[in-house]
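Per-entry structural report
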Amino acid sequence: MIRGRRTGAAAVLLLAVAVAGCSSPAAGPSAAGGTSGAKVTVTARSLPDVGTVLVTGKGYALYMFEPDRRRAVTCSGVCAGTWPPLTLPSGAALAAGPGVKPSLLGSDPAPGGGRVVTYNGWPLYTYTGDVEAGQATGQAIDLNGGPWYVLRPSGAPLDPGP
């Protein structure tokens, strides 16, 4: 009987580890390897309900956080768990995909070290609520201290207005 419980507990633990590893697809672009020759690509893509906006190379919507005020990353800790910043690993190149203005791409220091990709001065984030590429479920959500908006290729946020 004890052996059966241990086997069951081990199976539950393995399942939990597997689910945890798969639960944040938006974190993929932030965890790009830091090997020489790696690229972090920002591109433009038309998404349902929001039109053409910035996305990661894997097609995940990119968001700006209004409290950043085009200056610096203000989303960290628990906030960054929900809104992972798009990071630029050491040794990686920043690439502008189709529809993106290379002159608006850049990077700023991240609070915990490293660099966060920016566009028109806005630090860029993904959203863990976007469970698959092509979604923008974080658009206009007021969470973690302020509103979040996707960015248009012009560099302007898609603000829903009053």
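Report on the accompanying structure.

Definitions and cut-offs
Residues numbered from 1 in each chain as written. Predicted model: local features only at pLDDT ≥ 70, side-chain atom pairs only at ≥ 80, totals over all residues. Heavy atoms only, no water. Helix = DSSP H or I, 4+ residues; strand = E, 2+ residues; numbered from the N terminus. Buried < 20%, exposed > 50% of the residue type's maximum accessible area, 1.4 Å probe, protein only. Contact = heavy atoms within 4.5 Å. Areas by Shrake-Rupley, 256 points an atom, 1.4 Å probe, with all protein chains shown as cover. Phe/Tyr/Trp six-rings, centres within 6.5 Å; stacked < 30°, edge-to-face > 60°. Pairing = 2+ DSSP bridges. Axes fitted to C-alpha atoms, helices over the stretch in contact; angles between N-to-C directions. Disulfide = S-S within 2.5 Å.

Secondary structure assignment for the chain yields 2 helices and 8 strands. Scanning the chain from its N terminus toward the C terminus, one meets helices and strands in the order α-β-β-β-α-β-β-β-β-β. Expressed as a percentage of its 162 residues, the buried residues of the chain come to 39%. Looking at the chain alone, contacts between residues at least 24 apart form 67% of all its contacts between residues at least 6 apart. Split by element, the accessible area of the chain, about 8400 Å² in all, is 58% carbon and sulfur.

Taken as a whole, this structure holds 6 aromatic pairs when the rule is applied. A ring pair is formed by Tyr63 and Trp83, whose centres lie 5.3 Å apart and whose planes are at 75°; its orientation type is edge-to-face. With Tyr63 in strand β3 (residues 63-65) and Trp83 in the loop between α2 (78-82) and β4 (93-96), the pair connects residues that are 20 residues apart, well separated along the chain. Both residues of the pair, Tyr63 and Trp83, count as buried.

So, on to the sheet that holds β4. The strand order across the open sheet formed by 3 strands is β2-β1-β4, and the pairing between neighbours is mixed. Only two strands of the sheet have a single partner each, and these edge strands are β2 (51-56) and β4. Going across the sheet, the axis of each strand differs from the next one's by a mean of 25°, ignoring polarity. The pairing of strand β1 (residues 39-47) with β2 spans 6 bridges and is antiparallel.

This brings us to the state of the cysteines. Here the structure, examined in full by the defined rule, presents 1 disulfide. The partner cysteine of Cys75 in its disulfide is Cys79, sulfur to sulfur 2.0 Å. Residues Cys75 and Cys79 share a disulfide whose torsion about the S-S bond is about -110°; that sign makes it left-handed.

Within a sheet, each strand pairs with its neighbour through backbone hydrogen bonds, oriented either parallel or antiparallel. One open sheet holds the 3 strands; their spatial order is β5-β6-β7, and the pairing between them is antiparallel. Edge positions in the sheet fall to β5 (105-109) and β7 (122-123), since each of these pairs with one other strand and no more. The pairing of β5 with strand β6 (residues 115-119) spans 5 bridges and is antiparallel. Residue pairing in the sheet places Gly106 in a bridge with Thr118 of β6.

What follows is about the environment of Thr128. Following the sequence through the fold, Thr128 ends up in the loop between β7 and β8 (148-150). Of the residues examined, Thr128 reaches a relative accessible area of 23% and is grouped as partly exposed. For the pair formed by Thr128 and Gly138, sequence separation is 10 residues and the distance between their alpha carbons is 8.7 Å.

Bringing unusual backbone geometry into the picture now. Phi at Arg70 takes a positive value of approximately 55°, unusual for a residue other than glycine. Here the phi dihedral of Ala140 falls at roughly 65°; this positive angle occurs in a residue that is not glycine. Structurally, the position occupied by Ala140 is in the loop between β7 and β8. For Ala140, a relative accessible area of 38% corresponds to the partly exposed category.

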